[in-house]
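# Structural characterization, general
The primary structure of each chain is shown beneath.
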Amino acid sequence: MRMYDLIMKKRGGGCHTEDEIRFIVDGFTNGRIPDYQMSAWLMAVYYMGMTNEETVALTLAMADSGDKLNLDKIEGVKVDKHSTGGVGDKTTFIVGPILASLGVPIAKMSGRGLGHTGGTIDKLESIEGFNVAISQEEFIDNVNNIKMSLVSQTGNLAPADKKIYALRDVTATVDSLPLIASSIMSKKIAAGADVIVLDVKCGSGAFMKNIDDASALAKAMVDIGELAGRKTYGVITDMNEPLGCKVGNALELEEAIDTLMIKDVNRDDIPKGIKRLLEVSLTLATYMTMGAGICDDKNKARRLCEEAIESGNALKKLAEFVQAQGGNKECIFNTKKLPKAKYVVPVTFDKAGYIVSCNTSEVGMASLILGGGRATKDSEINLAVGIDIRKHIGDKVEENEIFAYIHGDDEKLIEEAKIRLTGAYIIEKNKKEPEKIIKDIVIK
Ligand code: URA
């Protein structure tokens, strides 16, 4: 087999065999296929696409390229959740403890963030003493004993994806549906869960800007998961404004903790941002509960998840998990102990009207400017900084009324972030309702 012929085949709209895909993935991972040929092939895939069978073969070849997490020593059905990425997404800290408190093992590998905020691992490091790099034995023991552990992704999980992603990043081939679907699913499959619930974000802060693209991505990933023998659910959720109110590492953790403290999740006076965060979290948790075989009935599964919050059991589980990984559990019961920024500065609009739209990525950029995210993979992250948004799409704002607070350590950066943040919103005379938070569910 020659890479030249395979590039020609894909360029002409041909369909690869499983062997051909393995040849490409293995050859590129071990250095036999050079970057320039792989780049040409990726661009051919970008334009010509891939069939379902090709996408599955690519996923499995990448999943097989390195270590696989062996979760056999963990008792019960292992359930994982993955978000395609958005702004203010802190659902892992809500969903994980809910499921663990219901007895479902959560054995999760997560990454650090690149871009507007940190990843799950960075956010957890806001907790004094928390260790994200425990040994595999300790990880398995913690899941068996307290049902939840979360560690930093090891270097050798799906190394083919790591190498291909780095090339996609510099060859304008990231936003290709089969490449995104196979990249995400290869890591999920290598991470070993039996059931995968995917939170596919859709809107101005997501990879997929519209419902057609988000549905196609969700369907492709659900197909891959099912063909790989994993029960997979796709939940398409709105990302046309940040999820919840808070964006930033410690701030997001704090908001997740506040959400787990709610005593009645169906109360009408829960603030709008928290309501949307609760809805996404409870929907994901409901499908995870069903996938784990705890309950077949959707309404009953949802009620179980609601009760896990209302009883305080999920919050207690979060504290137990934090303590088991060396973290100070006092931070969970008293969020004043989380890192705090030097300044908290109110932000206003200079005109009155209704918020009709938000460029969510720009809100993320405002947080990055403050130091809350990484501009490059070696940047230091500031865990304390971020944004607390008090008004959302559909809300009325008066001239000079406070709509958000910026938490920052540097006055110059705060001014820069303020401009970016206010520029992200459009205010008009006529009210516009926000998009539905749960847009669709994809199940095979
Ligand atoms: N996240 C991934 O892991 N891979 C992609 O290609 C896109 C988002």
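Quick summary incoming for the structure in this document. (Residues numbered from 1 in each chain as written. Predicted model: local features only at pLDDT ≥ 70, side-chain atom pairs only at ≥ 80, totals over all residues. Heavy atoms only, no water.)

## Quick notes on the state of the cysteines
By definition, a disulfide is the covalent link that joins the sulfur atoms of two cysteine residues. For the structure on display, the rule yields zero disulfides. Cys358 supplies the cysteine sulfur nearest to Cys202, a cysteine that is in no disulfide, at a spacing of 14 Å. (Disulfide = S-S within 2.5 Å.)

## What to know about the site of the ligand
Around the ligand, the surrounding shell consists of Tyr165, Arg168, Ile180, Ser183, Ile184, Lys187 and Phe207. Within the side chain of Arg168, a nitrogen or oxygen atom sits 2.9 Å from an oxygen atom of the ligand. Between Lys187 and the ligand, the recorded distance is 2.4 Å, taken from a side-chain N or O atom to an oxygen atom. For the ligand, whose accessible area on its own is 240 Å², the fraction buried by protein is 87%. (Near = heavy atom within 4 Å. Polar contact = N/O pair within 3.5 Å; in protein donor to acceptor, adjacent residues only side chain to side chain. Areas by Shrake-Rupley, 256 points an atom, 1.4 Å probe, with all protein chains shown as cover.)

## Details of the packing of aromatic side chains
Counted under the stated rule, the structure contains six aromatic pairs. Note on Tyr46 and Tyr47: the rings are 5.3 Å apart at their centroids and 80 degrees apart in plane angle, and the pair reads as edge-to-face. Overall, Tyr46 belongs to the partly exposed group, its relative accessible area being 29%. Take Tyr47: its relative accessible area is 63%, and that puts it in the exposed class. Each ring, one from Phe349 and one from Tyr425, has its centre 5.8 Å from the other, and the planes form 65 degrees; the classification is edge-to-face. Within this pair, whereas Phe349 is found in the loop between strand E7 (343-348) and strand E8 (353-358), its partner Tyr425 is found in strand E12 (residues 425-428), the two being separated by 76 residues in sequence. Owing to a relative accessible area of 7%, Tyr425 belongs among the buried residues under this scheme. Members of the aromatic cluster, joined through ring pairs, are Phe349, Phe403 and Tyr425. (Phe/Tyr/Trp six-rings, centres within 6.5 Å; stacked < 30°, edge-to-face > 60°. Buried < 20%, exposed > 50% of the residue type's maximum accessible area, 1.4 Å probe, protein only. Helix = DSSP H or I, 4+ residues; strand = E, 2+ residues; numbered from the N terminus.)

## Topic: the pairing of E8
Within a regular strand, side chains alternate between the sheet's two faces. Where E8 and strand E10 (residues 396-397) come together, two bridges link them in antiparallel fashion. Across the sheet, Tyr354 pairs through a bridge with Lys396, a residue of E10. As defined by bridge partners, E8 adjoins E12 across four bridges and the pair is classed as antiparallel. Note on E12: the bridge partner recorded for Ser357 is Ile426. (Pairing = 2+ DSSP bridges.)

## What to know about the packing of helix H2 (residues 18-29) against helix H4 (residues 52-63)
It is at 9 Å that the axes of H2 and H4 come closest, and there the two elements cross at 40 degrees. Taken together, the axes of H2 and H4 are oblique relative to one another. Here H2 runs over H4; the crossing is right-handed. Contacts from Glu18, Ile21, Arg22 and Val25 in H2 reach Glu54, Ala57, Leu58, Leu60, Ala61 and Met62 in H4. Of the residues that constitute the contact of H2 with H4, the class distribution is seven nonpolar, no polar and three charged. (Axes fitted to C-alpha atoms, helices over the stretch in contact; angles between N-to-C directions. Parallel < 35°, antiparallel > 145°, perpendicular 65-115°, else oblique. Left-handed = near helix turned anticlockwise from the far one by under 90°. Contact = heavy atoms within 4.5 Å. Nonpolar A, V, L, I, M, F, W, Y, C, P; charged D, E, K, R; others polar.)

## Here we look at empty space enclosed by the protein
Enumeration over the complete set of coordinates arrives at three cavities of 30 Å³ or more. Approximately 70 Å³ is the volume attributed to the largest cavity. Around the largest cavity, the lining residues are Val79, Asp80, Lys81, Thr92, Val95, Gly96, Ile106, Ala107, Lys108, Met148, Leu150 and Met288. Residue assignment for the lining of the largest cavity shows that the elements contributing at least two residues are strand E1 (79-83), helix H5 (92-101), strand E2 (106-110) and strand E3 (148-152). Considered class by class, the residues forming the lining of the largest cavity number seven nonpolar, two polar and three charged. Estimated volume of the second largest cavity: approximately 40 Å³. Every residue along the wall of the second largest cavity is listed here: Ala250, Leu251, Glu254, Pro339, Lys340, Ala341, Ala384 and His407. With three residues, the top contributor of residues to the lining of the second largest cavity is helix H11 (residues 249-260). Counted by class, the lining of the second largest cavity contains five nonpolar, one polar and two charged residues. Both domain 2 (79-335) and domain 3 (340-428) contribute no fewer than three residues apiece to the lining of the second largest cavity. (1 Å grid on protein atoms, 1.4 Å probe; cavity = no way out; pocket = protein on both sides within 12 Å on 5 of 7 lines; lining within 4 Å. Points joined across faces, edges and corners; volume = space filled by probe spheres on them. Domains from an automatic or database assignment.)

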